[in-house]
Amino acid sequence: MSQTNGFWKVVPPTAKIIAAISYVGFGLLMRFAMLPTDPDMRQWLDWQKDLFSAGVPLVVPLYVLVVGYVYGDAKRRGMRRVMWTILACLPYFVGVIAYFILRDPLPRPCPNCQTVVRAAFPFCPKCGTSVTRFCSQCRHAAEPTWAHCPYCGANLAAGLPTTAGPGE
Ligand SMILES: [Zn+2]
Ligand SMILES: [Zn+2]
């Protein structure tokens, strides 16, 4: 269940560019426009100013990258990416947290034609092949890790994924 390892692959390139530009922009703004005008902070030593203007603006690209991840991830899961991207912009990451709780499972490739099929679909929309594992006895959908059908007790290991599609 490690679906977070592809973080950098999921974040769209545009979000990475925006994150980099916003970081440099805010950093420079802080270092050369804010700090020299603040009555207290202008007394700081140079290295303190450098450290502060390098660290504090990190929040901005972090937010941009997380929102970008939600966009890319919702897209690959076939979810409403525009709605979720807007929600992800809400303060305190409330939309992001809601997204990680509510997001759909990752789509799977169809074993017959390789079309990416949403997790909610039991059949491939292109060729009609079954992408869900079924119990050969009672036809209930079975999860890939189940050894026995919890509905009728049939041994699932014996009869592996049954393809109910039109096939040949
Ligand atoms: Zn297919
Ligand atoms: Zn069964």
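Predicted, not measured: the structure shown is a model, and the values here were computed from it.

Novice: What is the right way to look at the environment of Trp-146 in this model?
Specialist: Its place among the elements puts Trp-146 in the segment after β4 (141-142). When the C-alpha positions of Trp-146 and Ala-157 are compared, they lie 8.1 Å apart, and in sequence the two are 11 residues distant. Those residues within four positions of Trp-146 in sequence are excluded, and the remaining contacts are Arg-133, Ala-141, Tyr-151 and Leu-156.

Novice: Just checking my understanding: could you explain the domain arrangement of the chain for this structure?
Specialist: For interface size, the figure often reported is the accessible area lost on association. Under the domain assignment used here, the chain contains domain 1 (7-104) and domain 2 (107-168). On a C-alpha basis, the centroid separation for the pair domain 1 and domain 2 is 41 Å.

Novice: Even after reading the chapter, I still don't get the nonpolar core, so can you show me in this structure?
Specialist: Nonpolar side chains in soluble globular proteins tend to end up buried together. Among the nonpolar cores identified, the biggest contains 9 residues, and these are Val-66, Val-67, Val-70, Ala-74, Met-79, Trp-84, Ala-88, Val-96 and Tyr-99. Going through the elements one at a time, α4 (59-76), α5 (81-88) and α6 (94-102) are the ones with two or more residues in this core. Take this core: its biggest share by element is 4 residues, from α4. When residues no more than four places from it in sequence are discounted, the contact partners of Trp-84 are Val-70, Met-79, Gly-95, Ala-98, Tyr-99 and Leu-102. Among the nonpolar cores identified, the runner-up in size contains 6 residues, and Val-10, Val-11, Ala-15 and Ala-19 belong to it.

Novice: Even after reading the chapter, I still don't get the coordination of the zinc ion (ligand 1), so can you show me in this structure?
Specialist: Ideal values differ by geometry: the angle at a metal is 109.5 degrees with four tetrahedral donors, but 90 or 180 degrees with six octahedral donors. The protein atoms that coordinate the zinc ion (ligand 1) are Cys-110 (SG), Cys-113 (SG), Cys-124 (SG) and Cys-127 (SG), at distances spanning 2.2 to 2.3 Å. One way to put it: the 4 donor atoms around the zinc ion (ligand 1) meet at angles of 105 to 116°, and that makes the site tetrahedral. Mapping the donors of the zinc ion (ligand 1) onto the primary sequence yields the spacing C-x2-C-x10-C-x2-C. Taking the relative accessible area as the measure of exposure, Cys-110 reaches 0% and is therefore buried.

Novice: Can you help me understand the coordination of the zinc ion (ligand 2) in this one?
Specialist: Coordination of the zinc ion (ligand 2) by the protein is provided by Cys-135 (SG), Cys-138 (SG), Cys-149 (SG) and Cys-152 (SG), with metal-donor distances spanning 2.2 to 2.3 Å. Relative to the metal, the 4 donor atoms surrounding the zinc ion (ligand 2) lie at angles of 103 to 116°, and the coordination shape comes out tetrahedral. In terms of primary sequence, the donors binding the zinc ion (ligand 2) are separated according to C-x2-C-x10-C-x2-C. Residue Cys-138 is located in the loop between β3 (133-134) and β4, and its partner Cys-152 is located in the segment after β4; the two are separated by 14 residues in the primary sequence. Overall, the relative accessible area of 40% leaves Cys-152 in the partly exposed class.

Novice: Can you help me understand the pattern of salt bridges in this one?
Specialist: Pairs may arise between side chains of opposite charge once their charged atoms sit close together. For the coordinates displayed, the defined rule picks out 5 salt bridges. Across the pair Arg-31 and Asp-50 runs a salt bridge, and its minimum N-O distance is 2.6 Å. Placement of Arg-31 in helix α2 (residues 13-34) and of Asp-50 in helix α3 (residues 46-55) is noted, with a sequence separation of 19 residues between them. A salt bridge links Asp-73 to Arg-76; its shortest N-O distance comes to 2.7 Å.

Basis of the calculations
- Residues numbered from 1 in each chain as written.
- Chains lettered and ligands numbered in written order.
- Predicted model: local features only at pLDDT ≥ 70, side-chain atom pairs only at ≥ 80, totals over all residues.
- Heavy atoms only, no water.
- Helix = DSSP H or I, 4+ residues; strand = E, 2+ residues; numbered from the N terminus.
- Contact = heavy atoms within 4.5 Å.
- Domains from an automatic or database assignment.
- Core = buried A, V, L, I, M, F, W, Y, C linked by side-chain atoms within 4.5 Å.
- Buried < 20%, exposed > 50% of the residue type's maximum accessible area, 1.4 Å probe, protein only.
- Donors = N, O, S within 2.8 Å, 3.2 Å for Na, K, Ca; no water.
- Tetrahedral: all angles 85-135°; square planar, octahedral: opposite > 155°, others 65-115°.
- Salt bridge = Lys/Arg side-chain N within 4 Å of Asp/Glu carboxyl O.

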